Protein chains: 2
Amino acid sequence: MSESTNMHGGNIYEAAREFNTASGDILDYSANINPLGIPSGVKKLIASSIESLSNYPDTDCMELRKGIARYLNIPEESIVVGNGASEIIQLIFDVLRLKKILIPAPTFSEYARAAKSAGTLVEYFEIRKEDDFKLNIDHLLSNVRDDVEGVVLCNPNNPTSQLIEKHGLLRLIEHMHKIDKLLIVDEAFIELTHGRNSNSVVESIKVFDNVFVIRAFTKVFAVPGIRLGYGIGKSSIVSEMWERKNPWSVNTFACQMGEVFETEKDYLKRTSLWLENEIIWLYNEMCKFKQFKVYKPSTNFILVEIIGGSLNAALLKRLLLDMGILIRDAGNFQFLNEKFFRIAVKDRKSNSAFLEKLREVLAMPDI
Amino acid sequence: MSESTNMHGGNIYEAAREFNTASGDILDYSANINPLGIPSGVKKLIASSIESLSNYPDTDCMELRKGIARYLNIPEESIVVGNGASEIIQLIFDVLRLKKILIPAPTFSEYARAAKSAGTLVEYFEIRKEDDFKLNIDHLLSNVRDDVEGVVLCNPNNPTSQLIEKHGLLRLIEHMHKIDKLLIVDEAFIELTHGRNSNSVVESIKVFDNVFVIRAFTKVFAVPGIRLGYGIGKSSIVSEMWERKNPWSVNTFACQMGEVFETEKDYLKRTSLWLENEIIWLYNEMCKFKQFKVYKPSTNFILVEIIGGSLNAALLKRLLLDMGILIRDAGNFQFLNEKFFRIAVKDRKSNSAFLEKLREVLAMPDI
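The paragraphs below set out a description of the structure included in this document. If you're wondering where the values come from, they're calculated on a predicted model, not measured in any experiment. (Residues numbered from 1 in each chain as written. Chains lettered and ligands numbered in written order. Predicted model: local features only at pLDDT ≥ 70, side-chain atom pairs only at ≥ 80, totals over all residues. Heavy atoms only, no water.)

**Some thoughts on the sheet that holds strand β2 (residues 79-82) of chain B**
All names here are of chain B. What counts is decided by this rule: A strand pair is defined by DSSP finding two or more bridges across the two strands. For helices the rule is a DSSP run of H or I covering at least 4 residues; for strands it is a run of E covering at least 2, with both sets numbered from the N terminus onward. Here, axes are lines fitted to C-alpha atoms. For helices the fit covers the stretch in contact, and angles between N-to-C directions go from 0 to 180 degrees. Should any heavy atoms of two residues lie within 4.5 Å, those residues are counted as being in contact.
If you trace the seven strands from one edge of the open sheet to the other, you get β2-β8-β7-β6-β5-β3-β4, paired in mixed fashion. Both outer strands of the open sheet, β2 and β4 (121-126), are each paired with one neighbouring strand and no more. Strand-to-strand, the axes of this sheet are offset by a mean angle of 20°, without reference to chain direction. Two strands pair when backbone bridges link them, and strand β5 (residues 150-154) and strand β6 (residues 182-186) are joined in this way by five bridges, in the parallel orientation. If you follow Val152 over to β6, its bridge partner there is Ile184. Helix-sheet contacts for helix α3 (residues 62-72) involve β2, β7 (211-216) and β8 (229-232), and the interaxial angle to β2 is about 125°.

Take a look at the structure:
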């Protein structure tokens, strides 16, 4: 029923309904979640907070904001929290009511959806396949015409898994500042890149008032079900977002998460170790399939293009789902086509199982 | 920071910050939650669902909607679920973009806030103190001018605790249907009235396409922290709301709540028993204070007016908070003034403790 049903990854419920299986039996390669699973400390925190559900959540989320402020070394006044990054994305457009934005694409479709629903015109800038989906900053800048009031970037980008080099990004921020335009950077996956927060531009909000950064707890702590994202920017925008938002959109459990950056340092280290090894391993394995062009990833998902033949992503998805594996058909991303799909990088055991099933499918006589 | 901080009841965190105490030490008479507490079955359901947080919630909330459909004997297609009643309130205005609405007041302030933020003009219709805050349907109808596209009612009404008699409400629906205007009825407290769902107009959505009903799990199951509300109306409006909403605004725990209407039948019976006795008992006790005019309640909260003297609700709130009790200063409700406050009805032990503290305060030499 919802528009989102067929638009995003991670809908194991819909897949289970469609293929008449239990959602728990599906190995989900369509959502890009830390495969180390929910940190045990987070599970304990939630279990011990169940009684608190009988109180309204703190509308100001003070403890949560303090935790984020300590983690990123930024002022509390620059932070707005919300029901996942998706609430932050909607809020920023609802508050700013920009006339027109430019979105380098392919990218996450929620920016365009949210912008349009706030009455903002959306223009796309194509990140070319021929450039291996690497953003050309100068080319982008020459496309920021007078009537464009802001640019929205996803870094690293979903679904391409490409990270924008920090120096170029800072140059973009400076230039956009000079011409008085806004830059929104979605860093939902930044903690799952090599170098983690060193790739982030969050500190530049202290110097440049034209930068707004979006973050989430979802990916790095493997808790998409808890619904928690945040935005960081100049305090006047942030306080308008607080005014506009649903006062209790962040639930009691999510309100408690401010401490996890400190209590889960060991988990974050283990996450880095997994990342360094597993992303490159799965990438190399995927490159062995002659049917695929694999775009070199910089975070925990990989964009793959099926080369030649009659196989497309929709068919591959169906065949893999028959074997209990859900992948993301990436054909509905702007500028991609029916040949593209996206897979998650999980732990070695799952990745091996995934590769085995993939080999089975590709060995089928009709493929 | 948020507008809501000082506007609503239930903010024990802000009260605790202001009065430098722990939020757990406050006896909260400002929020109107079932004092039987969270049903044990709900706690178990949550504890056993923690692992599921690593999956995205079902964007279609199918199981949840099926549970609600069975409970109220309505089609699934007429149900939209959201992050508390507050998301539903915002969504209905965002989708309908009405030019102007009429709101009988005093009432819950979120209708006006949400409507205004969607660009809808708000006109108030005064529910008169001289009528003991009982809504005069004929008087209301004569104020629905041509330019008014809809009316928003809260039934039973917050903060007055007045229930609109069913026959009159159905008459209002019929008349509004004839003149082609929308009626939005917020029934967040309906399950906490004598007669419960028999006071509801939810079944009339099957006959009249101009009715939209708002409900919540919050009050009856004592889980404001879980964030779960729903709306019921004609399927074309409901599906527009699904399109517009944040796809994952209902978290994993909330998605599981569809079964509780059936599994918690005993809890609901015990709730009725408590209601029948305790509301009238606390009302009678409150009537004994010569300083108060007490408006006879029909649900689990009571509106009280301080008569004469220099005492006002703000001062009473401060004095009671020094004793660890938080009440709702109702002075910021439209058409009320600094003499009004609202209290919850809780269990006998809490109510007795509350009355004792109240007596102490009123016996102070300066009061």
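Picking up where we left off.
**Side note on the nonpolar core**
We apply this condition: Within this scheme, the nonpolar core is defined by two criteria: the residues are buried Ala, Val, Leu, Ile, Met, Phe, Trp, Tyr or Cys, and they are joined through side-chain atoms within 4.5 Å. Accessibility here uses a 1.4 Å probe with only protein chains present; expressed as a share of the type maximum, an area under 20% marks a residue as buried, one over 50% as exposed, and anything in between as partly exposed.
Among the nonpolar cores identified, the biggest contains 251 residues, and Phe217(A), Met286(A), Phe292(A), Phe217(B), Met286(B) and Phe292(B) are the most heavily contacted of them. Beyond its immediate stretch of four places on either side in the chain, Met286(A) contacts Phe292(A), Val294(A), Val304(A), Phe341(A), Ile343(A), Phe354(A), Leu355(A) and Leu358(A).

**Here's the deal with the packing of helix α11 (residues 265-287) of chain B against helix α13 (residues 348-362) of chain B**
Pairs of packed helices are described in terms of their axes, by the angle between the two and the distance that separates them. Residues and elements named next belong to chain B. The criterion, for reference: Orientation categories follow fixed angle ranges, with anything under 35 degrees roughly parallel, anything over 145 roughly antiparallel, 65 to 115 roughly perpendicular, and all other angles oblique. Charged means Asp, Glu, Lys or Arg here, nonpolar means Ala, Val, Leu, Ile, Met, Phe, Trp, Tyr, Cys or Pro, and polar covers whatever is left, Gly included.
Contact pair α11 / α13: the axes reach a minimum separation of 11 Å and the direction vectors enclose 10°. With respect to α13, the axis of α11 lies roughly parallel. Judged by residue contacts, Glu278, Trp281, Leu282, Glu285 and Met286 of α11 engage Arg348, Asn351, Ser352, Phe354, Leu355, Leu358 and Arg359 from α13. Residue composition of the contact of α11 with α13, grouped by class: six nonpolar, two polar and four charged.

**Some words on the interface of chain B and chain A**
Keep this limit in mind: Buried area: the accessible surface (1.4 Å probe) lost by two parts on joining, summed over both. Within this document, salt bridges are pairs made up of a side-chain nitrogen of Lys or Arg and a carboxyl oxygen of Asp or Glu, the two lying within 4 Å of each other. We call two N or O atoms a polar contact when they sit within 3.5 Å, provided that within protein one can donate a hydrogen and the other can accept it, with sequence-adjacent residues counted only if both atoms are side-chain atoms.
Of the residues lining the interface, 59 residues belong to chain B; the matching set on chain A comes to 59 residues. Across the chain B/chain A interface, buried area totals approximately 5300 Å², and carbon plus sulfur atoms make up 55% of it. Counting across the chain B and chain A interface gives four salt bridges. Between Asp94(B) and Arg244(A) there is a salt bridge whose closest N-O contact spans 3.6 Å. Inspection of the chain B/chain A interface yields 24 residue pairs in polar contact (both at pLDDT 80 or more). For the side of chain B that touches chain A, the secondary structure elements donating two or more residues are α1 (12-19), α2 (40-47), α3, α4 (84-96), α5 (110-117), α8 (235-244) and α9 (252-255) of chain B. Classifying every residue of the side of chain B that touches chain A gives 22 nonpolar, 20 polar and 17 charged.

**A few points about the packing of aromatic side chains**
Test applied: Between 30 and 60 degrees the pair is tilted, below 30 it is stacked and above 60 it is edge-to-face, where a pair is any two Phe, Tyr or Trp rings, Trp via its six-membered ring, whose centres lie within 6.5 Å.
Scanning the model with the defined rule gives 33 aromatic pairs over all chains in all. On the numbers, 5.6 Å between centres and 65° between planes, the contact of Phe217(A) with Tyr230(A) is edge-to-face. Taken together, the residues span a long stretch of sequence, with Phe217(A) in the loop between β7 (211-216) and β8 (229-232) and Tyr230(A) in strand β8 at a distance of 13 residues. Each member of the pair, Phe217(A) as well as Tyr230(A), is classed as buried. Plain terms: the ring middles of Tyr56(B) and Trp248(B) are 5.4 Å apart, the flat faces sit at 50° to each other, and that makes the pair tilted. In this pair, Tyr56(B) is assigned in the loop between α2 and α3 and Trp248(B) in the loop between α8 and α9, connecting sequence segments 192 residues apart. Judged by relative accessible area, Tyr56(B) falls into the buried class, the value being 10%. Of the residues examined, Trp248(B) reaches a relative accessible area of 6% and is grouped as buried.

**Some details on the pairing of strand β13 (residues 340-344) of chain A**
Residues and elements named next belong to chain A. Counting buried residues in β13 gives five out of five residues, a clear majority hidden from the surface. Taking every second residue as pointing to the same face, both faces of β13 are buried, with Phe340, Arg342 and Ala344 on one and Phe341 and Ile343 on the other. Judged from the five bridges that link them, strand β10 (residues 301-306) and β13 form a sheet pairing that is antiparallel. Within β13, the position partnered with Glu305 by the bridge is Phe340. Examined bridge by bridge, strand β12 (residues 328-329) and β13 share two bridges and lie antiparallel to one another. Bridge pairing in β13 places Asp329 opposite Phe341.

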